[in-house]
There are 2 protein chains.
Amino acid sequence: MSGLETRQLRYFVAVAEERHFGRAAERLGMAQPPLSRAIRDLERQLGVQLLIRTTRQVTLTSAGETLLADARVALDAVAAAEHRARHAGRPVPTLRLALKADYDAGLLPKIIDAYRTLPVELLLGGHGEQVPALRDGRADVALLPTPFDERGLDTEPLVTGPRLVALAAADPLAARTTVRLADLAGRRLPDGTPAETGRTQQPPANWRSRLDLSQIFNLVEVGNIVWFLPDWVARRFPRPNIAYRPVDGLEPTTLAVAWPAESRSPAVAAFVRTVKEIADTSFDDESSAAGQPAVR
Amino acid sequence: MSGLETRQLRYFVAVAEERHFGRAAERLGMAQPPLSRAIRDLERQLGVQLLIRTTRQVTLTSAGETLLADARVALDAVAAAEHRARHAGRPVPTLRLALKADYDAGLLPKIIDAYRTLPVELLLGGHGEQVPALRDGRADVALLPTPFDERGLDTEPLVTGPRLVALAAADPLAARTTVRLADLAGRRLPDGTPAETGRTQQPPANWRSRLDLSQIFNLVEVGNIVWFLPDWVARRFPRPNIAYRPVDGLEPTTLAVAWPAESRSPAVAAFVRTVKEIADTSFDDESSAAGQPAVR
DNA sequence: CCCGATTGATACCCTGGCGGTATGAGTGGT
DNA sequence: ACCACTCATACCGCCAGGGTATCAATCGGG
């Protein structure tokens, strides 16, 4: 009658994601029986079957699928309310900028220098952590490469450039001016996946690169390991023992600034304006990067 | 540590909106002391002062203002998860269409006839109830006149037309081909507000017209009462004793179809496509209504 | 200037919801 | 057929959250 509690949603999401009551209970730091009971009560309360349990597997009904999607959104919104309230209570207001280290295309110092509305607080995160940070209110604005899930976000493109592959200079492929994905057979990415897949699909959601760029460069220099990166990253890291080459069949990627769509914050609006101006002047207007020969 | 509960958000929203613990407690169906304690605990948990209490008044801090806004969207998201899950569990799937009675510009029968993807369930609501119904998951799609708060929604315009005033045919103003707002001095809307304000600002959020169009028409015919409505409504209700006249200084209004922005439902997409086609053919393409002489 | 009305805070109690443990029951694999 | 696995049931105990009584602070009126 009186509405769902976030606890119920958290429990359901845990079970739905794990598809296993025991593991879900462990993840939630509780015992399995009360979790089973909570889910049963949730189903009673909604009057809807969410899960199909056999003793061997747990699967979602279609109602369960829709609840899983909506519950994630709702939990993000609740977390956002909490984080933003916490932040709003701090004595000195700041703008929290989420970005991936080294993926600022060299704009960051100019941005910090030009943006004077608020002090900027940096949230350096791994790949794919910027969007969640925006969604759950830990960040006000983010700098990140496309593609990403834009739902609930507004974005503005800054710089576009082709994706390059970083090779050991000694690699035979370095003799070519351009390589195809298939040519990369035999090479691997730092995490072990074959390079010729081109990492077209995002790495699994739980994957986190624990390597920063310089560590990756070291691996690449030694050989047999390659790495993909936008040219607006590569051109900032020229290295004698590494060659960057454009890759046929990889989409170009764009550095974008993104922020919550419902944001009415003038500080964010001013930030976006500043960043856009800096990007436009730094890469004098239209995509100076796109289509140009690769660095090195 | 473990995150906010929706109960806490509901309590805070009640107090923040009422700006009074006693009334808020009454609205929540509980006593005042536990509510005071719950808010105090919430502030402790967040480490942020949300309210400034004197014994005479309660005001929001700026952190409280941001939490109020964010809590409303979070509560909507939670309610949406609940409503959509309930609906998804029903044996026969339907598309829930929210609209204001008589504000379909005559499209509704054609829509129902042409849209065969799912059975359509109508949610007839008063003015301003469509957007909340979309936000909290009671409706999948809505038909409603601009302007409205589009945050979180995607929209597609269907028909645009000027806003007319409905007058008694005997009213001296009916002799004119067009009237200005100031001319309406002395006349009143059915709810008693002076007509010359033009209802430029929306009626107060709690205002609900308990009158349907035919009741309003009866009042207008008797005289001294006027009513504003889009021409794409008026042209569907020609009446001998009522004159419709365009009003200088009122923006035209557009009938739009709207749906939750994050919706990935193919049924909604198909519905929007169908409605758009019907509107385009019914009003052969560009705004046949706009700029044309008013009905009658 | 004092007293009463108003309103939020404090103190204390008590109940039911939620989590824990022990155990049962169904099913698939060997 | 038996064992391992996994979810459900039964039962218990605690404390979070709501209720009642009362205090404290502030404003307004006579």
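Remember, predicted model here, so these are calculated numbers, not experimental data.

Conventions used here
- Residues numbered from 1 in each chain as written.
- Chains lettered and ligands numbered in written order.
- Predicted model: local features only at pLDDT ≥ 70, side-chain atom pairs only at ≥ 80, totals over all residues.
- Heavy atoms only, no water.
- Near = heavy atom within 4 Å.
- Polar contact = N/O pair within 3.5 Å; in protein donor to acceptor, adjacent residues only side chain to side chain.
- Helix = DSSP H or I, 4+ residues; strand = E, 2+ residues; numbered from the N terminus.
- Contact = heavy atoms within 4.5 Å.
- Salt bridge = Lys/Arg side-chain N within 4 Å of Asp/Glu carboxyl O.
- Nonpolar A, V, L, I, M, F, W, Y, C, P; charged D, E, K, R; others polar.
- Phe/Tyr/Trp six-rings, centres within 6.5 Å; stacked < 30°, edge-to-face > 60°.
- Buried < 20%, exposed > 50% of the residue type's maximum accessible area, 1.4 Å probe, protein only.
- Lys NZ or Arg CZ within 6 Å of the ring centre and 35° of its normal.
- Domains from an automatic or database assignment.
- Least-squares fit on C-alpha atoms with pLDDT ≥ 70 in both.
- UniProt positions renumbered as here; feature names shortened; annotations may be inferred.
- Axes fitted to C-alpha atoms, helices over the stretch in contact; angles between N-to-C directions.
- Parallel < 35°, antiparallel > 145°, perpendicular 65-115°, else oblique.
- Left-handed = near helix turned anticlockwise from the far one by under 90°.
- pLDDT = per-residue confidence, 0-100.
- Pairing = 2+ DSSP bridges.
- Expected span 1.5 Å × (residues − 1).
- Arc of directions from axis to C-beta.

### Points about the protein's contact with DNA strand C
- Around DNA strand C sit 22 residues, and of these Arg7, Tyr11, Arg37 and Thr55 of chain A together with Arg53 of chain B come closest.
- Arg7 of chain A is positioned with one of its side-chain polar atoms (N or O) 2.7 Å from a phosphate oxygen of DNA strand C.
- The contact in question runs from a phosphate oxygen of DNA strand C to an N or O atom on the backbone of Ala31 of chain A, over 2.7 Å.
- Counting only elements with at least two residues in the surface near DNA strand C, the list comes to helix H1 (6–18) and helix H3 (32–46) of chain A together with helix H2 (21–28) and helix H3 (32–46) of chain B.

### Concerning the interface of chain B and chain A
- Between chain B and chain A, the residue contacts involve 31 residues of the former and 31 residues of the latter.
- Summed over the shared surface of chain B and chain A, the result is four salt bridges.
- Across the pair Arg10 of chain A and Glu5 of chain B runs a salt bridge whose closest N-O atoms are separated by 2.7 Å.
- At the boundary of chain B with chain A, the tally comes to 14 residue pairs in polar contact (both at pLDDT 80 or more).
- Broken down by secondary-structure element, the contributors of at least two residues to the side of chain B that touches chain A are helix H1 (6–18), H3 and helix H4 (62–88) of chain B.
- With 16 residues, the top contributor of residues to the side of chain B that touches chain A is H4 of chain B.
- In the side of chain B that touches chain A, the residues fall into 14 nonpolar, seven polar and 10 charged.

### Here's the deal with the protein's contact with DNA strand D
- Around DNA strand D, the surrounding shell holds 22 residues, and the nearest of these are Arg53 of chain A together with Arg7, Tyr11, Arg37 and Thr55 of chain B.
- When atoms of DNA strand D within 4 Å of the protein are sorted by moiety, sugar and phosphate together comprise 65%.
- Within the backbone of Gly22 of chain A, an N or O atom sits 3.4 Å from a phosphate oxygen of DNA strand D.
- Where the surface near DNA strand D is concerned, the elements lending two or more residues are helix H2 (21–28) and H3 of chain A together with H1 and H3 of chain B.

### Some remarks on the environment of Glu221 of chain A
All names here are of chain A.
- Topologically, Glu221 is positioned in helix H7 (residues 213–222).
- Between the alpha carbons of Glu221 and Ala133 there is a distance of 33 Å; along the sequence they are 88 residues apart.
- Once you skip the residues sitting within four places of it in the chain, Glu221 turns out to touch Ala168, Arg239, Asn241 and Ile242.

### Structural notes on the packing of aromatic side chains
- Enumeration over the complete set of coordinates arrives at eight aromatic pairs over all chains.
- Between Tyr103 of chain A and Trp232 of chain A, the aromatic rings sit 6.0 Å apart at their centres with planes inclined by 90°, giving edge-to-face as the arrangement. With Tyr103 of chain A in the loop between strand S3 (95–100) and helix H5 (108–114) and Trp232 of chain A in helix H8 (residues 231–234), the pair connects residues that are 129 residues apart, well separated along the chain. An identical accessibility class is assigned to Tyr103 of chain A and Trp232 of chain A; each is buried.
- Counting every residue linked through ring pairs, the aromatic cluster contains Phe217, Phe237 and Tyr244 of chain A.
- Between the NZ or CZ atom of Arg236 of chain B and the centre of the ring of Phe237 of chain B, over which it lies, the distance is 5.7 Å.

### Brief notes about the domain arrangement of chain A
- Annotation of chain A at the domain level lists domain 1 (6–84), domain 2 (90–160 + 253–290) and domain 3 (163–248).
- A C-alpha centroid distance of 39 Å is found between domain 1 of chain A and domain 3 of chain A.

### Focus: the relation of the copies chain B and chain A
- Under the fitted operation, chain B is carried onto chain A by 0.0 Å of movement along the axis and a turn of 180°, and the coordinates agree to an RMSD of 0.2 Å. Expressed as a symmetry operation, the mapping of one chain copy onto the other fits a two-fold axis.
- Both copies present the same face, since 100% of the interface residues in chain B are matched by interface residues at the equivalent positions in chain A.

### Overview of the UniProt feature "domain: HTH lysR-type" (unreviewed entry) in chain A
- UniProt's entry tags residues 4–61 of chain A with the feature "domain: HTH lysR-type" (unreviewed entry), counted in the numbering of this structure.
- End C-alpha atoms of residues 4–61 of chain A are separated by 19 Å, and the span's content is 62% helix alongside 10% strand.

### Let's talk about the packing of H1 of chain B against H4 of chain B
All names here are of chain B.
- The contact between H1 and H4 brings their axes to 9 Å, and the two run at 130°. With respect to each other, H1 and H4 are oriented oblique. Read as a crossing pair, H1 and H4 show a hand that is left-handed. Between H1, through Thr6, Leu9, Arg10, Phe12, Val13, Ala16 and Glu17, and H4, the contact on the second element is made entirely by Gly64, Leu67, Leu68, Ala71, Arg72, Ala74, Leu75 and Val78.

### A look at the confidence of the model for chain A
- Per-residue pLDDT for chain A has a mean of 88; in total, 91% of the residues score no lower than 70.
- Within the model, the stretch residues 287–296 of chain A combines pLDDT values under 50 with 21 contacts to residues more than four positions away or in other chains.

### Topic: the pairing of strand S5 (residues 141–145) of chain B
Residue and element names in this part refer to chain B.
- The element S5 is largely enclosed, with a buried count of five among its five residues.
- Side chains of S5 alternate between two faces, with Val141, Leu143 and Pro145 and Ala142 and Leu144 buried alike.
- Sheet topology note: the strand S3 (residues 95–100)/S5 ladder contains three bridges and is parallel. Its bridge partner lying in S5, Ala98 is registered against Ala142.
- Looking at chain direction, S5 and strand S11 (residues 253–260) are connected through four bridges and run antiparallel.

### Topic: H3 of chain B
- Across its 15 residues, H3 of chain B extends 21 Å between first and last C-alpha, which sits within 8% of the 21 Å expected from 1.5 Å per residue.
- Those residues of H3 of chain B that fall on the buried side of the exposure criterion are Leu35, Ala38, Ile39, Leu42, Glu43 and Leu46 of chain B. For H3 of chain B, the buried positions fall inside an angular range of 135° around the axis, keeping them on one side.
- In this structure, the buried side of H3 of chain B is in contact with helix H4 (62–88) of chain A together with H1, H2, strand S1 (51–53) and H4 of chain B.
- Note on H3 of chain B: the residue one or two positions beyond its end, Gly47 of chain B, has a positive phi of about 70°.

### Looking at the pattern of salt bridges
- Overall, the coordinates contain 48 salt bridges over all chains when judged by the stated rule.
- Between Asp171 of chain A and Arg187 of chain A there is a salt bridge, with its nearest N and O atoms 2.8 Å apart. Separated by 16 residues along the polypeptide, Asp171 of chain A in the loop between strand S7 (163–168) and strand S8 (179–180) and Arg187 of chain A in the loop between S8 and H7 bring together distant segments of the chain. Exposure class is identical for Asp171 of chain A and Arg187 of chain A. Each is buried.
- With its nearest N and O atoms 3.1 Å apart, the salt bridge here joins Glu18 of chain B to Arg27 of chain B.
- Accessibility expressed as a relative area gives 43% for Arg27 of chain B, which makes it partly exposed.

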